[in-house]
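Next come the chains, spelled out residue by residue.
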There are 2 protein chains.
Amino acid sequence: MWAAGAQQPRRAGLAMAAAAAAVLALAVAAWRRRRPPVREVLFFPSRPSCTEGLLAEAAGLGTTARPCPCPLPQGDGSLSRLLRHLLSARRSLEICLFAFSSPQLGRAVQLLHRRGVRVRVVTDAQYMGLPGSQIGLLRHAGIQVRHDQENGYMHHKFAVVDRRMLITGSLNWTTQAIQNNRENVLVVEDAEYVKPFLDEFERIWEEYNPINYRFFSKDNK
Amino acid sequence: MWAAGAQQPRRAGLAMAAAAAAVLALAVAAWRRRRPPVREVLFFPSRPSCTEGLLAEAAGLGTTARPCPCPLPQGDGSLSRLLRHLLSARRSLEICLFAFSSPQLGRAVQLLHRRGVRVRVVTDAQYMGLPGSQIGLLRHAGIQVRHDQENGYMHHKFAVVDRRMLITGSLNWTTQAIQNNRENVLVVEDAEYVKPFLDEFERIWEEYNPINYRFFSKDNK
């Protein structure tokens, strides 16, 4: 009687074991498929290469866009690698840059904004108005920008993509730096490095909130 | 007969097993004691603090040095942390810096040179002669310095300590940057990041070898 009655629980037990094994197999497969964290070092000056295809693809123009007629070679220079990492943003992008005048990087940031990515930019007050600066164009496109009002420079050169990827180094996002200077950029997905930079961004973002701007020196109150 | 004769090899075997176990125990203890790799992010401007004690200790003056009479607090600001990492060098120090005018960091580098650390410096030709630059003092002390002769800037801001620790970021080693700017410095001991920076240093070091300097433009030959 007991032995016969045990058939049902035994079948249920077997089914549960099979389901658990399937879930485990799926988890192992997903774990094996997972992308290893990005850990890349880029050096500049970058070998010049055409980035039009990359930007057209990111803008959704895909293969319908005509090939760029410029004489630059297609290829994966440091600028293209930087653009690719930037364009991988899906939700948020924090940018903290002393100088920003590269048209390609400016277009990428505008493109992400149009795609619905929450873009926030912090920059240096004394450099944001220089000829060629992208800051006015970003503001015109509706992107939030805040700047310092300190004596020192806001000299950081970093960005955080989707709160998971840190892009940082010596490189200001300018054509001069990309094409002519010796520069480095680290691209890392270690939370250990991403978190302090995100915290620094939030600190600066709050401190540079326009409600804190003083338009007159304290002596003039 | 066989059983009696086996006593000697058995004892030797036991002794060897005991020795192996002891070695293993020592290895495990050493492995447990090992220092985890440094992974630190420093932000500037640094809370001002006196670095005289730190530099006196590193110079071997130890506790015999009189306490510094300056009004700055003792403590561990970002500059002190940076100095400590730098002063941990025992064999080699590669420095690749756009601008170098901080007297404290200059003294630390000279101190390492006097201690027998092999110091090599790469810098930017247009910034090395500015007022307050440490480059002339380093050369005067016998430290090897090389500079670019390019149109672009040698804009890196990194150092490698004992081929194991990378110090890199937005910070030029200037008092202005340390005290007034928003800056970041990453200190990491991951070989994955250290190696490409060391390779970049060696590339630049060879390229800036004085035998390659041209003192006249090509048109003037």
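Right above here is the structure, for reference.
Presented here is a report on the structure given in the accompanying data block. (Residues numbered from 1 in each chain as written. Chains lettered and ligands numbered in written order. Predicted model: local features only at pLDDT ≥ 70, side-chain atom pairs only at ≥ 80, totals over all residues. Heavy atoms only, no water.)

Looking now at the packing of helix α4 (residues 78-87) of chain B against helix α5 (residues 103-114) of chain B. All names here are of chain B. Close contact between α4 and α5 brings their axes to 10 Å; oriented N to C, the two are set at 15°. In this view, α4 runs roughly parallel relative to α5, as classed from their interaxial angle. The hand of the α4/α5 crossing is right-handed. Residues Leu79, Leu82, Leu83, Leu86 and Leu87 of α4 touch α5, and the partners they reach there are Gln104, Leu105, Ala108, Val109, Leu111 and Leu112. Looking at the contact of α4 with α5, its residues break down into 10 nonpolar, one polar and no charged. (Axes fitted to C-alpha atoms, helices over the stretch in contact; angles between N-to-C directions. Helix = DSSP H or I, 4+ residues; strand = E, 2+ residues; numbered from the N terminus. Parallel < 35°, antiparallel > 145°, perpendicular 65-115°, else oblique. Left-handed = near helix turned anticlockwise from the far one by under 90°. Contact = heavy atoms within 4.5 Å. Nonpolar A, V, L, I, M, F, W, Y, C, P; charged D, E, K, R; others polar.)

Right, let's talk about the relation of the copies chain A and chain B for a bit. A rotation about some axis, followed by a shift along it, carries one copy of the chain onto the other. Mapping chain A onto chain B leaves a residual RMSD of 0.1 Å; the transformation is a rotation of 180° accompanied by 0.1 Å of translation along its axis. Here the transformation between the copies is reduced to the relation of a two-fold axis. The fraction of interface residues of chain A whose copies in chain B are also interface residues reaches 100%, indicating that both copies meet through the same surface. (Least-squares fit on C-alpha atoms with pLDDT ≥ 70 in both.)

What follows concerns the interface of chain A and chain B. Taken together, the 33 residues of chain A in the interface contact 33 residues of chain B. Carbon and sulfur atoms supply 54% of the area that chain A and chain B bury against each other, a total of about 2,900 Å² over both sides. Among the residues of chain A in contact with chain B, A:Arg39, A:Arg182 and A:Tyr193 are the three that bury the most area, contributing 28% of the side total. In this structure, the connection of chain A to chain B is made through five salt bridges. Here B:Arg182 and A:Glu207 are joined by a salt bridge, their closest N and O atoms 2.6 Å apart. Counting across the interface, chain A meets chain B through 22 residue pairs in polar contact (both at pLDDT 80 or more). Listing elements by their share of the side of chain A that touches chain B, those giving two or more residues are β1 (39-44), β5 (157-161), β6 (165-169), α7 (175-180), β7 (183-188) and α8 (191-207) of chain A. (Buried area = accessible area lost by both parts, 1.4 Å probe. Salt bridge = Lys/Arg side-chain N within 4 Å of Asp/Glu carboxyl O. Polar contact = N/O pair within 3.5 Å; in protein donor to acceptor, adjacent residues only side chain to side chain.)

Glancing now at the environment of A:Glu207. Within the secondary structure layout, A:Glu207 lies in helix α8. Setting aside chain neighbours within four positions, we find A:Glu207 in contact with A:Glu150, A:Asn212 and B:Arg182. At 2.6 Å, the side chain of A:Glu207 forms a polar contact with the side chain of B:Arg182.

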